[in-house]
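This is what each chain is made of:
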Amino acid sequence: MTSSRRLRTVRTSLVGGIAAGSLLLLAGPAFAHVSVQPGTAEKGGYSTIAVKVPNEKDNASTVKVELSLDPKHPLASVMPQAVPGWEVKVEKTKLDKPLQMHGKTIEEAVSKVTWTGGKIEPGQFQQFPLSVGQLPTDADELVFKALQTYSDDDVVRWIDASTPGGHEAEHPAPVLKLVAKGSAGAADSHHDDKSDKDDKGSKAEPAAAEKSSGSDTTARVLGVVGIVVGVAGAVFGVVAGRRRSAA
């Protein structure tokens, strides 16, 4: 093999390896986490949110989703929208301190919502809409905890707290940011009981927010591995070419 041919072999192998690694790196955001969409809502109002659950496995389906609401900030109204193929169970807990809303005393609040009976296949995601309110005015966020059960009995616990300015948790809990009324970026919210009732019978689709909550570390590692494999292939090509030339 001539020097020019060996050089072309090295270049081809390097380009192939780097391209493969780059594709894997770019694919990182596809490894999304369980999240709340949209991610913001106005304080003191009502909002329709959706629990977005992606299937992160390629050999099992998601068959159960459990969402625990923030016990520090109980909500007087939590109404799930029917999702075809899924059964929903709503659990309530008696409040230590009753809530006052629209002249009524609320002594219990929804603490947990569970969806079963359906399947989220590999490579797919499902959104589970909820109408929630009245959102608190004395908090900047609501933290939910989610359990995702797969058909192979594996349970992924999305309950880790995120540290501001720190590294992203491995399994971060879904968070709904609460902003002041009229703030830019706030989700579509409403502020009266009538609007809340209208949501119950609404067939409108939830807001489609498809942004991933962050790139997955595994995808990045695979991308680096792809680059290393490409470089190794280039070295092998050079060595093999030299051996043939020597023969």
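Preceding this section is the structure that the text describes.
These numbers were taken from a predicted model, which means no experiment stands behind them. (Residues numbered from 1 in each chain as written. Predicted model: local features only at pLDDT ≥ 70, side-chain atom pairs only at ≥ 80, totals over all residues. Heavy atoms only, no water.)

Trainee: For this particular structure, what's the right way to read the pattern of salt bridges?
Mentor: Pairing is possible between side chains that carry opposite charge, provided their charged atoms lie close to one another. Under the defined criterion, the tally for this structure stands at seven salt bridges. Residue Asp154 pairs with Lys57 through a salt bridge whose shortest N-O separation is 2.9 Å. Here Lys57 lies in the loop between β3 (46-54) and β4 (62-68) and Asp154 lies in the loop between β10 (145-150) and β11 (155-158), a separation of 97 residues in the sequence. Overall, Asp154 belongs to the partly exposed group, its relative accessible area being 30%. Lys112 is the salt-bridge partner of Glu66, the closest N and O atoms lying 2.9 Å from each other. (Salt bridge = Lys/Arg side-chain N within 4 Å of Asp/Glu carboxyl O. Helix = DSSP H or I, 4+ residues; strand = E, 2+ residues; numbered from the N terminus. Buried < 20%, exposed > 50% of the residue type's maximum accessible area, 1.4 Å probe, protein only.)

Trainee: Sorry, what's going on with the pairing of β3 here?
Mentor: Consecutive side chains along a regular strand alternate between the two faces of the sheet. Counting buried positions along β3 yields eight of nine residues, so the element is predominantly enclosed. When strand β1 (residues 35-37) meets β3, the two strands line up antiparallel, connected through three bridges. Its bridge partner lying in β3, Gln37 is registered against Ala50. By the bridge criterion, eight bridges tie β3 to strand β8 (residues 125-133) in an arrangement that is antiparallel. Counted as the bridge partner of Ala50 is Pro129 from β8. (Pairing = 2+ DSSP bridges.)

Trainee: Even after reading the chapter, I still don't get the packing of aromatic side chains, so can you show me in this structure?
Mentor: What characterises a pair of aromatic rings is the spacing of the ring centres plus the angle enclosed by the ring planes. This structure, assessed with the given rule, holds two aromatic pairs. With a centroid separation of 5.1 Å and 90° between ring planes, the pair formed by Trp86 and Phe128 is classed as edge-to-face. Taken together, the residues Trp86 in the loop between β5 (77-80) and β6 (87-101) and Phe128 in strand β8 connect sequence positions 42 residues apart. This pair shows no difference in class: Trp86 is buried, exactly as Phe128 is. When the centroid spacing of 4.8 Å and the interplanar angle of 35° are considered together, the rings of Trp115 and Phe128 count as tilted. One end of the pair, Trp115, is in strand β7 (residues 104-120); the other, Phe128, is in strand β8, and 13 residues separate them in sequence. (Phe/Tyr/Trp six-rings, centres within 6.5 Å; stacked < 30°, edge-to-face > 60°.)

Trainee: How do you make sense of unusual backbone geometry when you look at a structure like this?
Mentor: Peptide bonds are, in most cases, trans, and in most cases residues other than glycine have a negative phi. Following Gln37, the chain continues to Pro38 via a peptide bond in cis, the omega torsion being -10°. On the secondary structure map, Pro38 appears in the loop between β1 and β2 (40-42). Between Gly133 and the following residue, Gln134, the backbone shows a cis peptide bond with an omega angle of -10°. Along the chain, Gln134 turns up in the loop between β8 and β9 (141-143). Residues other than glycine seldom take positive phi values, yet Asp153 does so here, at roughly 75°. Along the chain, the position of Asp153 falls in the loop between β10 and β11.

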